[in-house]
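# Fold and contact review
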Amino acid sequence: MRAFIVERYGDQAGVRAGEMPDPQMGADDVLIQIHAASVNPLDLKIRDGDFKAFLPYRTPFILGNDLSGVVVKVGVAVTRFAVGDEVYARPDKDRIGTFAELIAVHQDDVAIKPATLTMEEAASLPLVALTAWQALVERADVQPGQKVLIHAGSGGVGTIAIQLAKQLGASVATTTSTANVDLAKALGADVVVDYKKQAFETVLQDYDVVLDPLGGKTLEKSLQVVKPGGMVIGIAGPPDPAFARELGANPILRLAMSALSFRTRRRARRHHVTYSFLFMKASGDQLRELTPLIDAGQIRPVVDRVFSFESTREALEYVEKGRTKPGKVVIKIAEAPPGS
């Protein structure tokens, strides 16, 4: 099968198009013909080797963490899917590789594609929608009337998290650039801070939850706007000891992760708030929870641009260089079936 392969860690030069063997299937796997995949900042971090300590993929490997497509074969123990089903998924972290024509995914990580979406729209959602769900529902347990701040409201995670937080009954603030203020409001944000004109930490206060996809100074300043007992959830790092335990990391890696987040956790304690690092997990069940909201139009994808499969390297470069346009970048790998 055709695929885009990381031959060596480091940068764009290590990624090439090539042929790889068709996936091997297990009893609980579904084989999916991929119609579309989306590009995430995670793909760039994996390509560059930033996560090698806890995601040690052996080169050569196929990049890609999101997909939509059609089931073409099922394992002997599969009960949830049949050949011909249109699906979407974020494969488990140990089984990535959606920049390819085929992938085998455990049935527990797959869900039927939202009927109202195109393949390209559906492919834009799994990783960011699961991140938003796991942050706001699982980790923070957001309740009606709470105040939630979501940074980078025009980004992949932000556009979905704003909509989900509103569905949970929260009052939502977000940060974005001048060009995307109107979009953030249209997605449901109650308060929009244009970071080019205002410092969010000077105008926001007493928030219950902050979701931060940016890290660095934004994370540090976010600790100032959360009320005592609140939570800051970081998805850009630094990783914390709880994540190391969850990962089953060896003692040296646990110590390293603890050291990386020590300053952040200490500052959080001084503000009487909690810092929590989130590395999202694959979950077909959670996608099934999200699908009705998507089909009802309560959560809608935001797609910036669609690239051809042959232009996958250009899609990665487009994301890496940054852009002012909102939403996700999608790679179209195959034609969708009629009626999709």
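Our structure is the block above this text.
Okay, so let's go over this structure. Bear in mind the structure is a predicted one, so any value in this text is a computation, not a measurement.

Cut-offs and rules
- Residues numbered from 1 in each chain as written.
- Predicted model: local features only at pLDDT ≥ 70, side-chain atom pairs only at ≥ 80, totals over all residues.
- Heavy atoms only, no water.
- Axes fitted to C-alpha atoms, helices over the stretch in contact; angles between N-to-C directions.
- Helix = DSSP H or I, 4+ residues; strand = E, 2+ residues; numbered from the N terminus.
- Parallel < 35°, antiparallel > 145°, perpendicular 65-115°, else oblique.
- Contact = heavy atoms within 4.5 Å.
- Nonpolar A, V, L, I, M, F, W, Y, C, P; charged D, E, K, R; others polar.
- Polar contact = N/O pair within 3.5 Å; in protein donor to acceptor, adjacent residues only side chain to side chain.
- 1 Å grid on protein atoms, 1.4 Å probe; cavity = no way out; pocket = protein on both sides within 12 Å on 5 of 7 lines; lining within 4 Å.
- Points joined across faces, edges and corners; volume = space filled by probe spheres on them.
- Pairing = 2+ DSSP bridges.
- Buried < 20%, exposed > 50% of the residue type's maximum accessible area, 1.4 Å probe, protein only.
- Phe/Tyr/Trp six-rings, centres within 6.5 Å; stacked < 30°, edge-to-face > 60°.
- Lys NZ or Arg CZ within 6 Å of the ring centre and 35° of its normal.

### Considering the packing of helix 1 (residues 41-48) against helix 12 (residues 312-321)
Between helix 1 and helix 12, the shortest axis-to-axis distance is 10 Å and the interhelical angle comes to 100 degrees. Taken together, helix 1 and helix 12 sit at an angle that is classed as roughly perpendicular. Residues D43, L44, R47 and D48 of helix 1 form the contact with helix 12, whose own contacting residues are L316, V319 and E320. Of the residues in the contact of helix 1 with helix 12, the class split is three nonpolar, no polar and four charged.

### Comments concerning the environment of S283
Here S283 is to be found in the loop between strand 14 (274-277) and helix 11 (284-295). For the pair formed by S283 and D108, sequence separation is 175 residues and the distance between their alpha carbons is 6.6 Å. Leaving out residues up to four positions away in the same chain, S283 has contacts with D108, D109 and L130. Only 3.1 Å separates the side chain of S283 from the backbone nitrogen of Q286, close enough to count as a polar contact.

### Side note on the layout of surface pockets
Each pocket or cavity is described by its volume, and for the second largest pocket that value is around 310 Å³. Along the walls of the second largest pocket sit 17 residues, with P23, I62, R95, I96 and I103 positioned nearest its centre. Elements with a contribution of two residues or more to the lining of the second largest pocket: strand 4 (61-62) and strand 7 (102-106). Counting residues per element, the lining of the second largest pocket draws most heavily on strand 7, which supplies three residues. For the lining of the second largest pocket, the class distribution of residues is 12 nonpolar, two polar and three charged.

### Observations regarding empty space enclosed by the protein
Tallying each qualifying case throughout the model produces one cavity of 30 Å³ or more. In this model, the largest cavity occupies a volume close to 30 Å³. Every residue along the wall of the largest cavity is listed here: S124, L125, V128, G156, T159, I160, P301, V302, G327 and K328. The residue makeup of the lining of the largest cavity, split by class, is five nonpolar, four polar and one charged.

### Quick word on the sheet that holds strand 14
One open sheet holds the six strands; their spatial order is 11-10-9-12-13-14, and the pairing between them is parallel. This sheet does not close on itself; its edge strands, each paired only once, are strand 11 (191-194) and strand 14. When the angles between neighbouring strand axes are averaged without regard to direction, this sheet yields 15 degrees. In terms of strand pairing, strand 9 (residues 147-150) meets strand 12 (residues 207-212) through three bridges, oriented parallel. The partner of V148 across the bridge, within strand 12, is V209. Helix-sheet contacts for helix 3 (residues 126-139) involve strand 9, strand 12, strand 13 (226-234) and strand 14, and the interaxial angle to strand 13 is about 150 degrees.

### Describing unusual backbone geometry
A cis amide bond links T59 to the next residue, P60, at an omega of -5 degrees. Residue position: P60 is located in the loop between helix 1 and strand 4. A cis amide bond links G237 with the next residue in sequence, P238, at an omega value of 5 degrees. A positive phi angle is found at A152, which is not glycine, with a value near 55 degrees. By relative accessible area, A152 is classed as partly exposed at 21%.

### Things to note about the packing of aromatic side chains
Applying the stated criterion across every chain yields a total of 10 aromatic pairs. Ring centres of F54 and F243 lie 5.2 Å apart, and the angle between their planes is 80 degrees; on these two criteria the pair is classed as edge-to-face. Placement of F54 in the loop between helix 1 and strand 4 and of F243 in helix 8 (residues 241-247) is noted, with a sequence separation of 189 residues between them. Note on F54: relative accessible area 12%, which makes it buried. Ring centres of F243 and F277 lie 5.0 Å apart, and the angle between their planes is 75 degrees; this geometry places the pair in the edge-to-face category. Of this pair, F243 sits in helix 8 while F277 is found in strand 14, placing the two residues 34 residues apart along the sequence. Relative accessible area serves as the criterion here: at 4%, F243 is assigned to the buried category. Accessibility expressed as a relative area gives 6% for F277, which makes it buried. Taken together, F51, F54, F243, F277 and F279 form an aromatic cluster joined through their ring pairs. Directly above the aromatic system of Y207 lies the positively charged group of K147, at a separation of 4.5 Å from the ring centroid. Between R305 and the ring centre of Y318, over which it is positioned, the NZ or CZ distance is 5.1 Å.

### Side note on the side chain of T176
Summarising the element assignment, T176 is placed in strand 10 (residues 171-176). A polar contact of 3.4 Å, which involves the side chain of T176, links it to the side chain of S154. For T176, the contacting residues outside a window of four places in its chain are S154, V181, A184, V192, V193, D194 and Y195.

### Section: the pairing of strand 1 (residues 2-6)
Burial of strand 1 is extensive: four of the five residues sit out of reach of the surface. Note that strand 1 and strand 2 (residues 15-19) share five bridges and pair antiparallel. Across the sheet, the residue bridging to R2 is E19, located in strand 2. Bridging between strand 1 and strand 4 involves two bridges; their strand directions are antiparallel. Within strand 4, the residue paired with I5 across the bridge is I62.

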